[in-house]
Number of protein chains: 2
Amino acid sequence: MERNLKIPKAVIKRLSLYSRILQNLEIKNVQKVSSKELGELLGVNSAQVRKDLAYFGQFGVPGFGYYVSELRSEIKKILRTDRPIKIGLIGVGNLGTALLSYTGFKKQGFNIIAAFDNDKRKIGRRQNNVIIEDIENLEKIIREKEIEIIILTVPVEKAQEITDKVLSAGITTILNFVPTRLIVPDYVKVHYVDLSIEIESLSFYVK
Amino acid sequence: MERNLKIPKAVIKRLSLYSRILQNLEIKNVQKVSSKELGELLGVNSAQVRKDLAYFGQFGVPGFGYYVSELRSEIKKILRTDRPIKIGLIGVGNLGTALLSYTGFKKQGFNIIAAFDNDKRKIGRRQNNVIIEDIENLEKIIREKEIEIIILTVPVEKAQEITDKVLSAGITTILNFVPTRLIVPDYVKVHYVDLSIEIESLSFYVK
């Protein structure tokens, strides 16, 4: 499939959310789902669901809906999560350590295959089956292990310097937990995880 | 304002994202923004922006747009993030510790005012200005400190039991980092933070 980079980021994000909903339906042994039901589970309308999917082809049967497993496997192909993804994590502090052992990643088949830190006491230690590498070898190991996605959990003041190194090693996709904007060229995708967004939207419901 | 609970969850989530975008515009000294610009920054269209805001009243000037600071302050009022929010955190493991020191919360004025664990070695210790309390006193302290939102970072097998206690102390809003579904009554809002969703949508962009 051609990677159409003109597809809105929000559509890609929703694809991933549809995939998770479909996974939960599979667990409940639900076999089919309509665009209306799928939309309701995500809080969008059925037209949005159909429009999102239409970016990638023709799915489902008009008047019937979608086969849950079939649609999920199609979405995984689109997102290319139907293969092992090679992830590297930089910064084995509290958050980094938490992510190394995060069962939510394993549940989806995502594996962190390399971790990096600059703390001599941590380097060489094994954490959840991953040996913590010296950040001095970052670029070399990224290339050797063909790492595709970098998770960044370093202190704010180190974030840009490390990002520059990661880019020079050929990385183009970064998941950034550091609460700071990174300066990157246009061809690089950075997703920012802002955990405070969740608190903010929960606040609305406080009684 | 009447808390209209029929408002789609996705709208509330987007309000929070608009607020963050407006905050970034404020930092850049941008004074006004159109619904088109706001939509583009979030990956939705201008009609969606106007529709989202229309749930809560009349904002902005037709043909002109919105004053950035004014709209942000209106949205904060709607989300009720214009006041200190009292947050409690349960489970001071790696993720819990990371959240206690997460500068992204502080940046938004969110403060975790109580933390709980069952590990005797942790209880009584001070972590980022919060004393770790014995989980035995959970219900008592939730009531005394008038905690409004609970962040759950406990092991999967403890999640439901602790949730039940939290509910009996009167909590109705939970931010759940544990990768498991919680069984709660209808009037309780649980937001699930699934960190793998971000990896999934990044996968699409891997070159």
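Cut-offs applied
- Residues numbered from 1 in each chain as written.
- Chains lettered and ligands numbered in written order.
- Predicted model: local features only at pLDDT ≥ 70, side-chain atom pairs only at ≥ 80, totals over all residues.
- Heavy atoms only, no water.
- Domains from an automatic or database assignment.
- Contact = heavy atoms within 4.5 Å.
- Buried area = accessible area lost by both parts, 1.4 Å probe.
- Salt bridge = Lys/Arg side-chain N within 4 Å of Asp/Glu carboxyl O.
- Helix = DSSP H or I, 4+ residues; strand = E, 2+ residues; numbered from the N terminus.
- Least-squares fit on C-alpha atoms with pLDDT ≥ 70 in both.
- Patch = residues over 30% accessible without salt bridge, like charges linked within 9 Å, V, L, I, M, F, W, Y side chains within 5 Å.
- Areas by Shrake-Rupley, 256 points an atom, 1.4 Å probe, with all protein chains shown as cover.
- Lys, Arg positive; Asp, Glu negative; His and termini not counted.
- Charge placed at Lys NZ, Arg CZ, Asp CG, Glu CD.
- Buried < 20%, exposed > 50% of the residue type's maximum accessible area, 1.4 Å probe, protein only.
- Pairing = 2+ DSSP bridges.
- Right-handed = clockwise from strand over helix to strand, strands pointing away.

## Overview of the domain arrangement of chain A
Residue and element names in this part refer to chain A.
In step 1: With domains assigned, chain A is organised as domain 1 (9–79) and domain 2 (85–199).
In step 2: Centre-to-centre separation of domain 1 and domain 2, based on C-alpha positions: 30 Å.
In step 3: Listed per partner, the contact involves 4 residues of domain 1 and 5 residues of domain 2.
In step 4: Note on domain 1 versus domain 2: buried area summed over both sides is about 350 Å², and carbon and sulfur give 34% of it.
In step 5: The largest contributions to the domain 1 side of the interface with domain 2 come from Lys9, Arg20 and Gln23, which together make up 81% of the buried area.
In step 6: Put simply, domain 1 and domain 2 have 0 salt bridges between them.
In step 7: When residues of the side of domain 1 that touches domain 2 are assigned to their parent elements, the largest contribution, 3 residues, is made by helix α1 (residues 9–27).

## What about the relation of the copies chain A and chain B?
In step 1: For the pair chain A and chain B, the relating rotation is 180 degrees, the translation along its axis is 0.0 Å, and the fit reaches an RMSD of 0.0 Å. The transformation relating the two chain copies, once decomposed into turn and shift, fits a two-fold axis. When C-alpha distances to the rotation axis are compared across chain A, the minimum falls at Asn94(A), with a value of 2.5 Å.
In step 2: When the interface residues of chain A are mapped onto chain B, 100% of them again fall at the interface, so both copies present the same face.

## Looking at a positive patch on the surface
In step 1: A contiguous patch of positive charge on the surface is contributed by Lys9(A), Arg181(A), Lys28(B) and Lys107(B).
In step 2: Checked against the element boundaries, Lys28(B) lands in the loop between α1 (9–27) and β1 (32–33).

## Side note on the pairing of strand β8 (residues 173–176) of chain A
Residue and element names in this part refer to chain A.
In step 1: Burial along β8 is two-sided: Thr173 and Leu175 facing one way and Ile174 and Asn176 facing the other are all buried.
In step 2: Direction of pairing for strand β7 (residues 149–152) relative to β8: parallel, over a ladder of 4 bridges. Considered in β8, the bridge of Leu152 is made with Asn176.
In step 3: Handedness of the crossover joining β7 and β8 through helix α8 (residues 156–168): right-handed.
In step 4: Relative to strand β9 (residues 189–192), β8 runs parallel, the two sharing 4 bridges.

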